[in-house]
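Chain and residue survey
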Amino acid sequence: MGHGEPHWWQTGVVYQVYPRSFQDSNGDGVGDLRGVIQRLDYLHETLGIDAIWLSPFYPSPMADFGYDVADYTDVDPLFGDLATFDELVSAAHARGMQIIIDYVPNHCSDQHPWFVESRSSRTNPKRDWFIWADARPDGSPPTNWIGPFGGSTWTWDETTGQYYLHIFLTEQPDLNWRNPEVQDAMLDVLRFWLERGVDGFRIDALHNLMKDLELRDNPPHEGTLATHRTHGEAFDSQQHIYEFDLDDNHEPIRAMRAVLDEYEAISPRVAIGELHIFDLQRWARYYGDALDELQLPFNFGLLNTPWNATAVRALVDAIEAAIPLGGWPNYVIGNHDEPRIVSRIGAAQARTAMMLLLTLRGTPTLYYGDELGMRDAIVPAERMQDPWGIRMGDAQFSRDPARAPMAWDDSTTGGFCADGVEPWLPLAPDHATTNVAAQSADPHSMLNLTRALLQLRRSSPALKSGAYHPADDVPEGVYAYRRSAGDDRYLILLSFIDQPVTLHLPDLHDAEIALSTSMDREGRVGAGGVELRGHEGLVVRLG
Ligand code: NOJ
């Protein structure tokens, strides 16, 4: 942490809203910004989060559900309009909450006027705003690059007789950030939203921003790549060194950060970046040599690591060690691209994971519905929406299951949309029990556990911004750490195994259980130590 008081983005908890799936207010089966406004009291009062990250709501043909932006400075009518957005910002700010929006600099939609112009002729002034290249002599694409959604990253344009680059879908042409006009236009997009009062950006696909100038072929690779979910054999068959994590990425990121800093005097803003980089030394470079890049380079380690005490501790310790002096950690256990945490590690461990997320040193990002322990939805093939699943012809790649509508109550539509309206995706199979209304009434529910953790975190300088010290003398299967800020001191004990174990750490003699993941015990720890039940997590206040 830097000098002085920590910033809101260090002590606060970020909550990701996938707008399509949170709350429909106008009866079309798709969530919208008005719906988010209607649920602000839930987010603020019931739950107690600090900042909302909104996935894209921009005008878009929705080839990738909004990550194909056709206009960076407007709202798609499906989600509302600019006036509703402004209302959302004011309503959030009035409650002391921050608004973070998605910014998608790597690519736009093929329907964006910039690309429409660019593809109209080789001499169009916007031609160089995208990455065009000739075919090889045999007519094949300029490089061998395979994109994360499968297939070549190049599409042939008949009219102008060249290929254009798209790391993701054909409908998502990559912007050419080497062109200063592109940089200027895209930095102005940041200013547009900063002027409207947004508190920060979650920046999409930053690892891909710059591409090799010489357009060289990626060398072959054997085995699985260190990404947290497979992108298929073709993607894994090459080392992605010429379109991924280039050293050249850092200069434009510094330029983005400098724009945020222009507004820092009005109020602190945050740059969070999506980076699927699992080499921690390379990942940590995105804080910037002078801490002048991302305040929070997304850290996806917990999505990737084997779920056991040894591996999780090793990961956290390695992250702590990798972060440059003055840099601040962050953690994620779910998002719109990953299977739900409960579906990955089971309901009992999901509670432990929530305790971990909300007690580690660093900013947590909580994916909507994970506070309920929502499961992956079952999406029949004919209802599959995600272009990734459709393109690969394989449901294992579909991200639909984690994007199911938020379950507010036990009605057929879960309170997500009006009765009789079909939600854009089916609800999770257990939504009749796993929903906000049912869990609010159950003192032991995942929702009440999450609320209690958030409350505890808010009340404690140690948990919000204190030091982190892993504890060594603990039984196998347990991960324990201390958090401290002056006299405020906690010990967190997390069991990753079935069997109960007893812990006798010296500072447990004068300690008090503040919270159990089972939500059924509090009170002083005796001289005999503390029994940690299978899969239980405890937050213990130290004397
Ligand atoms: C990462 C986003 O999180 C994902 O949903 C999207 O499909 C790709 N970037 C492309 O924008």
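Everything below is about the structure printed above this text.
Residues numbered from 1 in each chain as written. Predicted model: local features only at pLDDT ≥ 70, side-chain atom pairs only at ≥ 80, totals over all residues. Heavy atoms only, no water.

1. Details of the overall build of the protein
On a plain count of helices and strands, the protein comes out with 17 helices and 19 strands. Scaling as 2.2 N^0.38, a compact globule of 543 residues should have a C-alpha radius of gyration of about 24 Å, and the protein matches this with 23 Å. Its C-alpha atoms put the protein at 80 × 50 × 45 Å along the principal axes. Pairs at least 24 apart in sequence give 70% of the contacts found in the protein among residues at least 6 apart. As displayed, the protein has an accessible area near 19500 Å², and 50% of this comes from carbon and sulfur atoms. Between the mean site of the 42 positive side-chain charges and the mean site of the 80 negative ones, the protein shows a separation of 3 Å. (Helix = DSSP H or I, 4+ residues; strand = E, 2+ residues; numbered from the N terminus. Rg over C-alpha atoms; globule rule 2.2 N^0.38 Å. Contact = heavy atoms within 4.5 Å. Areas by Shrake-Rupley, 256 points an atom, 1.4 Å probe, with all protein chains shown as cover. Lys, Arg positive; Asp, Glu negative; His and termini not counted. Charge placed at Lys NZ, Arg CZ, Asp CG, Glu CD.)

2. Regarding the site of the ligand
The environment of the ligand is formed by 13 residues, the closest being Asp64, His107, Asp204, His336 and Asp337. Between His107 and the ligand, the recorded distance is 2.9 Å, taken from a side-chain N or O atom to an oxygen atom. In this structure, Arg202 approaches the ligand through a side-chain N or O atom, which is 3.0 Å from an oxygen atom. Alone, the ligand offers 300 Å² of accessible surface; in the complex the protein occludes 98% of this. Class assignment of the residues belonging to the shell around the ligand gives a composition of 3 nonpolar, 3 polar and 7 charged. (Near = heavy atom within 4 Å. Polar contact = N/O pair within 3.5 Å; in protein donor to acceptor, adjacent residues only side chain to side chain. Nonpolar A, V, L, I, M, F, W, Y, C, P; charged D, E, K, R; others polar.)

3. Considerations on the packing of aromatic side chains
Evaluated as defined, the whole model comprises 30 aromatic pairs. Taking the centre distance of 4.6 Å and the plane angle of 45 degrees together, the rings of Phe57 and Tyr58 count as tilted. Like Tyr58, Phe57 is buried. Measuring from ring centre to ring centre gives 5.5 Å for Tyr468 and Tyr481, while their planes differ by 45 degrees; the resulting arrangement is tilted. With a gap of 13 residues between them, Tyr468 in strand S12 (residues 467-470) and Tyr481 in strand S13 (residues 478-485) connect regions that are remote in the sequence. The class of Tyr468 is buried, set by a relative accessible area of 9%. One aromatic cluster is present, formed by Tyr15, Phe22, Tyr42, Tyr367, Tyr368 and Trp408 through successive ring pairs. Sitting above the plane of the Trp424 ring, Arg20 keeps its charged end 4.2 Å from the centroid. (Phe/Tyr/Trp six-rings, centres within 6.5 Å; stacked < 30°, edge-to-face > 60°. Buried < 20%, exposed > 50% of the residue type's maximum accessible area, 1.4 Å probe, protein only. Lys NZ or Arg CZ within 6 Å of the ring centre and 35° of its normal.)

4. Brief notes about the sheet that holds strand S17 (residues 523-525)
Strand order across the open sheet formed by 6 strands is S12-S13-S14-S19-S16-S17, with antiparallel pairing between neighbours. Sheet topology places S12 and S17 at the edges, where each strand pairs with a single neighbour. Taking each pair of neighbouring strands and ignoring which way they run, the sheet shows an average axis angle of 30 degrees. The sheet strands contacting helix H16 (residues 446-459) are strand S14 (488-495), strand S16 (511-516) and strand S19 (537-542), and the helix crosses S16 at an angle near 135 degrees. (Pairing = 2+ DSSP bridges. Axes fitted to C-alpha atoms, helices over the stretch in contact; angles between N-to-C directions.)

5. Quick look at the pattern of salt bridges
Applying the stated criterion across every chain yields a total of 36 salt bridges. The partner of Arg122 in a salt bridge is Asp134, and the shortest N-O contact between them spans 3.9 Å. Of this pair, Arg122 sits in the loop between helix H5 (113-118) and strand S4 (132-133) while Asp134 is found in the loop between S4 and strand S5 (154-157), placing the two residues 12 residues apart along the sequence. Assessed through its relative accessible area of 46%, Asp134 is described here as partly exposed. Across the pair Glu536 and Arg533 runs a salt bridge whose closest N-O atoms are separated by 2.9 Å. Residue Glu536 is classed as buried on the basis of its relative accessible area of 1%. (Salt bridge = Lys/Arg side-chain N within 4 Å of Asp/Glu carboxyl O.)

6. Concerning helix H8 (residues 250-262)
Spanning 13 residues, H8 covers 19 Å between terminal C-alpha atoms, matching the ideal 18 Å at 1.5 Å per step. If you follow the buried residues of H8, they end up packed against strand S3 (98-103), helix H6 (180-195), strand S7 (200-203) and strand S8 (270-273). (Expected span 1.5 Å × (residues − 1).)

7. Digging into the side chain of Asn335
Position of Asn335 among the secondary structure elements: in the loop between strand S10 (330-332) and helix H12 (341-345). On the accessibility criterion, Asn335 (6% relative accessible area) is buried. At a separation of 2.8 Å, a polar atom in the side chain of Asn335 contacts the main-chain amide nitrogen of Asp337. Setting aside anything within four residues of it in sequence, one finds Asn335 in contact with Gln16, Phe300, Leu303, Tyr367 and Ala402.

8. Focus: the nonpolar core
Residues Tyr15, Leu54 and Tyr479 are the most contacted members of the largest nonpolar core, which totals 147 residues. With 8 residues, the top contributor of residues to this core is H6. Counting 18 residues, the second largest nonpolar core, distinct from the first, contains Val501, Ile513, Leu532 and Leu542. (Core = buried A, V, L, I, M, F, W, Y, C linked by side-chain atoms within 4.5 Å.)

9. Quick word on the environment of Arg533
Mapped onto the secondary structure, Arg533 falls in the loop between strand S18 (530-532) and S19. It is 58 Å that separates the C-alpha atoms of Arg533 and Asn179, two residues lying 354 residues apart in sequence. When sequence neighbours within four positions are dropped, the list of residues in contact with Arg533 reads Ser495, Pro500, Ser516, Ser518, Asp520 and Arg521. Engagement of the side chain of Arg533 in a polar contact is seen with the side chain of Ser518, the distance being 3.4 Å.

10. Things to note about the packing of helix H13 (residues 347-359) against H16
Across the interface, H13 lies against H16 with an axial gap of 10 Å and an inter-helix angle of 15 degrees. Classified by the interaxial angle, the pair formed by H13 and H16 is roughly parallel. Of the two possible hands of crossing, H13 and H16 adopt the one that is right-handed. In contact with Ala350, Arg351, Met354, Met355, Leu358 and Thr359 of H13, H16 contributes Met446, Leu449, Thr450, Leu453, Leu454 and Arg457. Looking at the contact of H13 with H16, its residues break down into 8 nonpolar, 2 polar and 2 charged. (Parallel < 35°, antiparallel > 145°, perpendicular 65-115°, else oblique. Left-handed = near helix turned anticlockwise from the far one by under 90°.)

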